[in-house]
Amino acid sequence: MSVSSEEPIKLDPEISLEVDRLTGSTREQLIKYLAESAVRLKTVEEKLHHAQLENRYLRELLRLARIEKYGPGSEKLSDEQLALLELEPGVSQAEVQAESERAQLKLPLRKAPQPAKHPGRQELPAHLPRVEKIIACTPEQCICSQCGKGKELIGYETSEQLDIEPAKHFVLVTKREKRACRRCEEQGVVAAALPARIIPKSLVSDRLIIDTVVNKYCDHLPLYRQSAMLERETGLEISRVTLCGWVMAVGELLMPIVGAMRQELLSGGYIQADETPVDVQSERTKGKNHQAYLWQYGRPGGSVVLDFQLDRSGQGPRQFLGDFDGILQSDGYAGYGKVGGRNLAHAGCWAHARRYFFQALQLGGKDLVAVGIVAQIDKLFELEAGAKAGGLGAAERLELRGQKAQPIVEGLKSRIELARASALPRSALGKACDYALGRWGQLRRFLDYGQIELSNNLAENAIRPVAIGRRNWLHVGSERAGPRVAAILSVVETCRRRHLSIRHYLSSVLPGLAEFPAKRVSELTPDNWARDQS
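Note that the coordinates shown come from a computational prediction; the quantities given were computed from them, not determined experimentally. (Residues numbered from 1 in each chain as written. Predicted model: local features only at pLDDT ≥ 70, side-chain atom pairs only at ≥ 80, totals over all residues. Heavy atoms only, no water.)

**Student:** So, the overall build of the protein chain: which residues are in play, and what are the values?
**Tutor:** Helix and strand counts for the protein chain come out as 18 helices and seven strands. Each of the 534 residues in the protein chain was classed as buried or not, and the buried ones make up 37%. Pairs at least 24 apart in sequence give 60% of the contacts found in the protein chain among residues at least 6 apart. Accessible surface for the protein chain amounts to roughly 34,100 Å². Of this, 53% is attributable to carbon and sulfur atoms. (Helix = DSSP H or I, 4+ residues; strand = E, 2+ residues; numbered from the N terminus. Buried < 20%, exposed > 50% of the residue type's maximum accessible area, 1.4 Å probe, protein only. Contact = heavy atoms within 4.5 Å. Areas by Shrake-Rupley, 256 points an atom, 1.4 Å probe, with all protein chains shown as cover.)

Here it is in C-alpha cells:
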C-alpha cells in the first residue's frame, strides 16, 4: 500500500514526542504503519456509511411491504408496531385501524389547528320547498282557565326539519286527445303531438332512465343492484341488460355535447390533466379484463372532459389536445411530454412533489432533511391559501408569488440538491429528489403565470369518482361502451363542479336531443345551459 500521496499524519502531542525519540528504520516503519492504518480506517468509514444507507433503503422496502400487507391504516404505525403485527397471526383490518388511531405518527410539520367555534344550528337550504304542518292546541288549551272565554290565535312557534318522501313508483298513463270533424270525415283524425322522449316507445319514463344513470355514476350503484331494487319495489323484473341499454343510449346522446365541451376547453388557455385505469371487457385479453384508461382534462371552475383510451400511451393526449398552445398542468407521467403545439407551457404539480418527500419522511422516521423540505413546500401552499382567501386575481397572485414564493422556491432547490448528494439513489428520499429536480422547470412554472394552481389536485378530484365507482360496477362492458361511459362521466363531473343539478340538466337536454340540430349542440353544454337558465 502506497502512502506517498497521503497528507502528513496529525498525531497527539505526547505520541508525537515518543515518535520523535525513535530513530532510523523503526521510526519510518511506525510512520508507515500509522499512515496505512489511517487509509484503512477511512475505507472502513466509507463502507460503514454505504451500509447505513443500504440498511435504510432495505428498511424502507420492508415498511412499504408491510403497509401494503396490512392496508392504508398501517401507514400511521411505527416500524416497531408493524414488526409486532408480524408476530401476531390473523391480524384483522379493524385491529390495525384501532392500533393506528391509538398511536399516530406525529410530525413537526405544522402547528396544530385551533378548534373552530361551533357555527350554531345549520340553516336548511332556502331553495327547498316548504310543506307546512300545523299542530293545533288541545281544546283545554283553547279556553282561558280564568274567565272561561276562548283564547285568540296570536302566532306560531316555528321549527324546520329536513324531511323526505320515499321513492314512489307508479304507472304514468299518457292520454293524447284525438279529434275529428263529424261533418267532414274526409279530414280524418288528428291527435296531440307526442312529447319528445329519451328512448321512444320505452316501457319506462325519462325520469326512471335518468334515475338509473344518476344512481350508477353519481352514487356508484351497479345496475344489477338497481334491477333487484326495482323488482323488490314494483314486482316488475327488468333485466340488467335492459338497464345497460338505457345507460348506453344516454351516453350516445351526450357524446356530441361532450365534443362541444372539448372545443370549449381547448379554446381556453389553461388545462389540467390526469389519468386513471379502468377495466374493460375486451377480446384483446380473453379470460380477463383489459386495462384501459380514462384521461381527464379540465379547467379550474369550468368544464371537465374524460377521454376513453385503450392504453396509457401518449397518443391519447396528443389526439385530444391537438395543437393546444396554452398551459397544460399534469403530474410527472412521461405520456404528457410531447403533446400540444409549439408554444405549450407545461406546468408541474407541487402536491405530487410533496407527496414523495412526505413518503420518505414516513418511511425514514423524523428525517430532518425531509422534514425541512416538506415544511418549505407547506409554506408555498399556505401562501396560495392566503391569496385565495383574499380573493386575489391572476395578476395579483403573480405579483405576490414574485415577492414571497420565488425566494422559497430558490431555497428549496438548494435543499433538494444537497439532500440528493447524500441520499442513496434507490431510497425514498433519493427518488423524491430525482422527481423534483427532473421536473424543476415545470414545478417553478407557476411563478410565470398567475392563473396556474400550485397543484393538480382538482384534476385528481375529478377522477376520484371513477376510482370509487369501479369498485362497485367493476368494469366497462365493452370497448364500444368506453366513449359513452366517458361522456356520461364528463357531464356528471362538470355539473358537480359547476354546482348544477344533474337531474335537472339531463331532464332538460336529453328528450329530443337526437333530433336537435348538430350546428346548435354547443348551446346545450352545461356552461351555456346554466347561462340560459339564469
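**Student:** Tell me about the sheet that holds strand β5 (residues 304–309), and name the residues and values.
**Tutor:** One open sheet accounts for five strands, arranged β5-β4-β3-β6-β7; its pairing is mixed. Among the strands making up the open sheet, the edge pair consists of β5 and β7 (345–347). Going from strand to strand, the sheet's axes swing by 25° on average, the running direction of each strand aside. Bridge count between strand β3 (residues 270–280) and strand β4 (residues 290–298): nine bridges; the pairing is antiparallel. (Pairing = 2+ DSSP bridges. Axes fitted to C-alpha atoms, helices over the stretch in contact; angles between N-to-C directions.)

**Student:** Lay out the layout of surface pockets in plain terms, naming residues and giving numbers.
**Tutor:** In this approach the atoms are scanned with a rolling probe the size of a water molecule, which exposes any empty space left behind. Taken as a whole, the largest pocket encloses approximately 1,700 Å³ of empty space. If you go around the largest pocket, you meet 38 residues; those closest to its centre are Lys168, His169, Ser205, Arg207 and Leu208. Contributions of two or more residues to the lining of the largest pocket are made by α6 (206–217), α7 (223–234) and α17 (502–509). If you tally residues by element for the lining of the largest pocket, the top one is α6, at seven residues. Put simply, the second largest pocket is a space of about 1,300 Å³. In terms of lining residues, the second largest pocket is bounded by 29 residues, among which Val131, Glu132, Lys133, Ile134 and Ser159 are the most central. Partitioning the lining of the second largest pocket into residue classes produces 15 nonpolar, five polar and nine charged. (1 Å grid on protein atoms, 1.4 Å probe; cavity = no way out; pocket = protein on both sides within 12 Å on 5 of 7 lines; lining within 4 Å. Points joined across faces, edges and corners; volume = space filled by probe spheres on them. Nonpolar A, V, L, I, M, F, W, Y, C, P; charged D, E, K, R; others polar.)

**Student:** Can you tell me about unusual backbone geometry, naming the residues and giving the values?
**Tutor:** Even without being glycine, Lys201 reaches a positive phi, approximately 65°. Within the secondary structure, Lys201 sits in the loop between β2 (189–191) and α6. Phi is positive for His220, close to 60°, though the residue is something other than glycine. Take His220: its relative accessible area is 15%, and that puts it in the buried class.

**Student:** If you had to explain the side chain of Asp527 to someone new, which residues and values would you point to?
**Tutor:** Residue placement: Asp527 occurs in helix α18 (residues 526–533). In this structure the side chain of Asp527 is engaged in a polar contact, spanning 2.5 Å, whose partner is the side chain of Arg498. Among residues more than four places away in sequence, those in contact with Asp527 are Glu264, Arg299, Ser303 and Arg498. (Polar contact = N/O pair within 3.5 Å; in protein donor to acceptor, adjacent residues only side chain to side chain.)

**Student:** Could you give me a rundown of the packing of aromatic side chains, with the residues and numbers involved?
**Tutor:** Inspection of the entire model under this criterion finds eight aromatic pairs. Their ring planes at 85° and their centres at 5.2 Å tell us that Tyr505 and Trp529 sit as a pair that is edge-to-face. Placement of the pair is Tyr505 in helix α17 and Trp529 in helix α18, with a sequence separation of 24 residues. For the pair Tyr505 and Trp529, a shared accessibility class is recorded, and that class is buried. (Phe/Tyr/Trp six-rings, centres within 6.5 Å; stacked < 30°, edge-to-face > 60°.)

**Student:** Hey, could you go over the pattern of salt bridges for me, with residue numbers and the actual values?
**Tutor:** Considering all chains together, one arrives at 18 salt bridges under this definition. Across the pair Glu275 and Arg312 runs a salt bridge whose closest N-O atoms are separated by 2.6 Å. Of the two residues, Glu275 is situated in strand β3 and Arg312 in the loop between β5 and α9 (315–321); the sequence distance between them amounts to 37 residues. Judged by relative accessible area, Arg312 falls into the partly exposed class, the value being 32%. A salt bridge links Asp527 to Arg498, with the shortest nitrogen-to-oxygen separation between them at 2.5 Å. (Salt bridge = Lys/Arg side-chain N within 4 Å of Asp/Glu carboxyl O.)

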